[in-house]
Amino acid sequence: MLETLKNSDSKLYDIVIEEYNRQQNSLEMIASESFVPREILELQGSILTNKTMEGFPGRRYHSGYEVIDKMETLAIERAKELFGAQHANIQPHSGSQANQCVYASILNPQNKVMGLRLDQGGHLTHGSKVNFSGKIYNFMSYGLNKETELIDYEELEKLAKEFMPKLIVTGASSYPRFIDYERIGYIAKSVNAYFLVDMAHVAGLVAAGIHPSPVPHADFVTSTTTKTLAGARGGFVLCKEEFAKSLDKAVFPGVQGSCHLHTMAAKAFTFKNAMTNEFKKTMKQVVKNSKHLGKQLSNKGFRLVTGGTDNHLLLVDLRPKGLTGADLDNALSSVGITVNKNMIPYDPQKPMITSGIRIGTTAMTIKGMKEAQMDQIADLINKVADNINNKEMLEQVKIQVQSLAMDN
Ligand SMILES: Cc1ncc(COP(=O)(O)O)c(C=O)c1O
């Protein structure tokens, strides 16, 4: 691996190898992570990075486009086929830029938009004040019902009727349940608003047919090709044909310049890979593992937000264990289990402390783990939680973590 770099820049080589070893020796359970197929690594490191290209197939600004046009057309066709979409733009460099492109295509600065609260599962680009979205557009947030911890659809509808937004955004970074896209689509229509679903976290599950698809209900669907899609590090947008022209114009020249062709090729492979039976089988196991891990953690005294999960992630309330998210995140990290501290709905703690952690099963399922390994992981997490100041015990757990990670 990286033989040329090893000779020319040993300092950088050593850093990459150190990270490789960290990934091999730990249990990677951050919900947005996955292990990508080797083809993705090859394509993202390929000669395609040499070429500069702007525009779209048949409408280019640089010569030497003939081969690249074939590749972009292939990626677009695959994205459309995989998700049953009328139009796809696969150029956005990230999930955040995919959202920015949709906003740029239909909104003007200060237009009214609604999005899910950041501290209740939404993403920064859904209207946070520290993000471009909250600075440029007039966002109003909707949230979760305090009792059920599910999206409060009635409140959403009431707020939409009062606020009359031009766009309603849904989708989440830390929401363990299905979202009723049809219902929100209906609310959007009733107030004459556009409807965007950001399916970044669940796109792989949607592709595998084990999570409801937002495509029939939304005007626009954005996503990353990472997370559950387990592919290239980038973004894409799907939309109805009537928005195709304005979306493409918003992506280029509106928001971005030249295409990242090495990543575009990796996206084309990501979509093909997600059509295979092997991928569908893996995604089914991702959800089985997540549900199973949740049950085991509940049995050990942790509280799951919403009582369980429908997808690849768990949001765990640590208050019954007398711990904060920062406490457990740090302790788990010290033994090689990587999760992230996360706000729970109506969290009394500050964002840097939190009362919860978010755990995802995508990466370890791709490595081959099943329910039996989830039992072991639940035991290890519980041991750490119950012995958070016991250095000797944490050392023992670290050895168990390494052996479990290396066996898979
Ligand atoms: C729901 C959602 N949308 C968008 C993004 C942004 O993706 P990126 O990190 O590629 O900008 C994320 C990433 O965490 C996300 O969870």
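Residues numbered from 1 in each chain as written. Predicted model: local features only at pLDDT ≥ 70, side-chain atom pairs only at ≥ 80, totals over all residues. Heavy atoms only, no water.

- The name an unreviewed UniProt entry assigns to the protein is 2-methylserine hydroxymethyltransferase, from the organism Anaeromicrobium sediminis.
- Quoted verbatim from the Sequence similarities (unreviewed entry) field of the UniProt record, the comment on the protein reads "Belongs to the SHMT family."
- Of the protein, the UniProt comment under Pathway (unreviewed entry) reads exactly: "One-carbon metabolism; tetrahydrofolate interconversion." (UniProt positions renumbered as here; feature names shortened; annotations may be inferred.)

1. A look at a positive patch on the surface
Part 1 of the reasoning: On the surface, K281, K284, K288 and K370 cluster together into a patch of positive charge.
Part 2 of the reasoning: One can find K288 in helix α12 (residues 277-299).
Part 3 of the reasoning: Classification of K288 as partly exposed rests on a relative accessible area of 47%. (Patch = residues over 30% accessible without salt bridge, like charges linked within 9 Å, V, L, I, M, F, W, Y side chains within 5 Å. Areas by Shrake-Rupley, 256 points an atom, 1.4 Å probe, with all protein chains shown as cover. Salt bridge = Lys/Arg side-chain N within 4 Å of Asp/Glu carboxyl O. Lys, Arg positive; Asp, Glu negative; His and termini not counted. Charge placed at Lys NZ, Arg CZ, Asp CG, Glu CD. Helix = DSSP H or I, 4+ residues; strand = E, 2+ residues; numbered from the N terminus. Buried < 20%, exposed > 50% of the residue type's maximum accessible area, 1.4 Å probe, protein only.)

2. A word on the UniProt feature "modified residue: N6-(pyridoxal phosphate)lysine" (unreviewed entry) in the protein
Part 1 of the reasoning: Under the UniProt annotation, "modified residue: N6-(pyridoxal phosphate)lysine" (unreviewed entry) lies at K227.
Part 2 of the reasoning: Topologically, K227 is positioned in the loop between β9 (220-224) and β10 (235-239).
Part 3 of the reasoning: The class of K227 is buried, set by a relative accessible area of 15%.
Part 4 of the reasoning: Here K227 is in contact with S32, S34, A200, H201 and T362, once residues within four sequence places are set aside. (Contact = heavy atoms within 4.5 Å.)

3. Thoughts on the packing of aromatic side chains
Part 1 of the reasoning: A full pass over the atoms with the stated rule returns 8 aromatic pairs.
Part 2 of the reasoning: Taken together, a centroid distance of 5.6 Å and an interplanar angle of 70° make the contact between Y103 and Y137 edge-to-face. One end of the pair, Y103, is in helix α5 (residues 95-106); the other, Y137, is in the loop between α6 (132-136) and β6 (138-142), and 34 residues separate them in sequence. Exposure class is identical for Y103 and Y137. Each is buried.
Part 3 of the reasoning: Considering the side-chain rings of F220 and F243, the 4.8 Å spacing of their centres and the 35° angle between planes classify their relative orientation as tilted. With F220 in strand β9 and F243 in the loop between β10 and α10 (244-255), the pair connects residues that are 23 residues apart, well separated along the chain.
Part 4 of the reasoning: For F220, a relative accessible area of 0% corresponds to the buried category.
Part 5 of the reasoning: By relative accessible area, which is 8% here, F243 ends up buried.
Part 6 of the reasoning: Put simply, the rings of Y103, F132, Y137 and F139 touch in pairs and so form one group of aromatic residues.
Part 7 of the reasoning: Seen from the ring of F302, K321 lies directly overhead, with NZ or CZ sitting 4.9 Å from the centre.
Part 8 of the reasoning: Just above the ring of F35 sits the side chain of K367; from NZ or CZ to the centre is 5.0 Å. (Phe/Tyr/Trp six-rings, centres within 6.5 Å; stacked < 30°, edge-to-face > 60°. Lys NZ or Arg CZ within 6 Å of the ring centre and 35° of its normal.)

4. As for the pattern of salt bridges
Part 1 of the reasoning: Counted by the stated rule, this structure contains 15 salt bridges.
Part 2 of the reasoning: Where K80 meets E77, a salt bridge forms, and the shortest distance between an N and an O atom there is 3.6 Å. Highlighted residues: K80 and E77, both in helix α4 (residues 66-83), separated by 3 residues, approximately one helical turn.
Part 3 of the reasoning: Residue K158 is joined to E162 by a salt bridge in which the shortest nitrogen-to-oxygen separation is 4.0 Å. Remark: E162 and K158 occur in helix α7 (residues 153-163); sequence separation between them is 4 residues, near one turn of the helix.

5. A short note on a nonpolar patch on the surface
Part 1 of the reasoning: The grouping of M1, L2, L12, I15, V16 and Y20 at the surface amounts to a nonpolar patch, some 530 Å² of accessible area in total.
Part 2 of the reasoning: Here L2 lies in the segment before α1 (3-8).
Part 3 of the reasoning: By relative accessible area, L2 is classed as partly exposed at 36%.

6. What about the sheet that holds strand β4 (residues 87-89)?
Part 1 of the reasoning: Within the open sheet, the 7 strands sit side by side as β4-β10-β9-β8-β7-β5-β6. Their pairing is mixed. Lying at the two open borders of the sheet, with one neighbouring strand each, are β4 and β6. Direction aside, neighbouring strands of the sheet carry axes that sit 20° apart on average.
Part 2 of the reasoning: With 3 bridges joining them, strand β8 (residues 194-198) and β9 adopt parallel strand pairing. (Pairing = 2+ DSSP bridges. Axes fitted to C-alpha atoms, helices over the stretch in contact; angles between N-to-C directions.)

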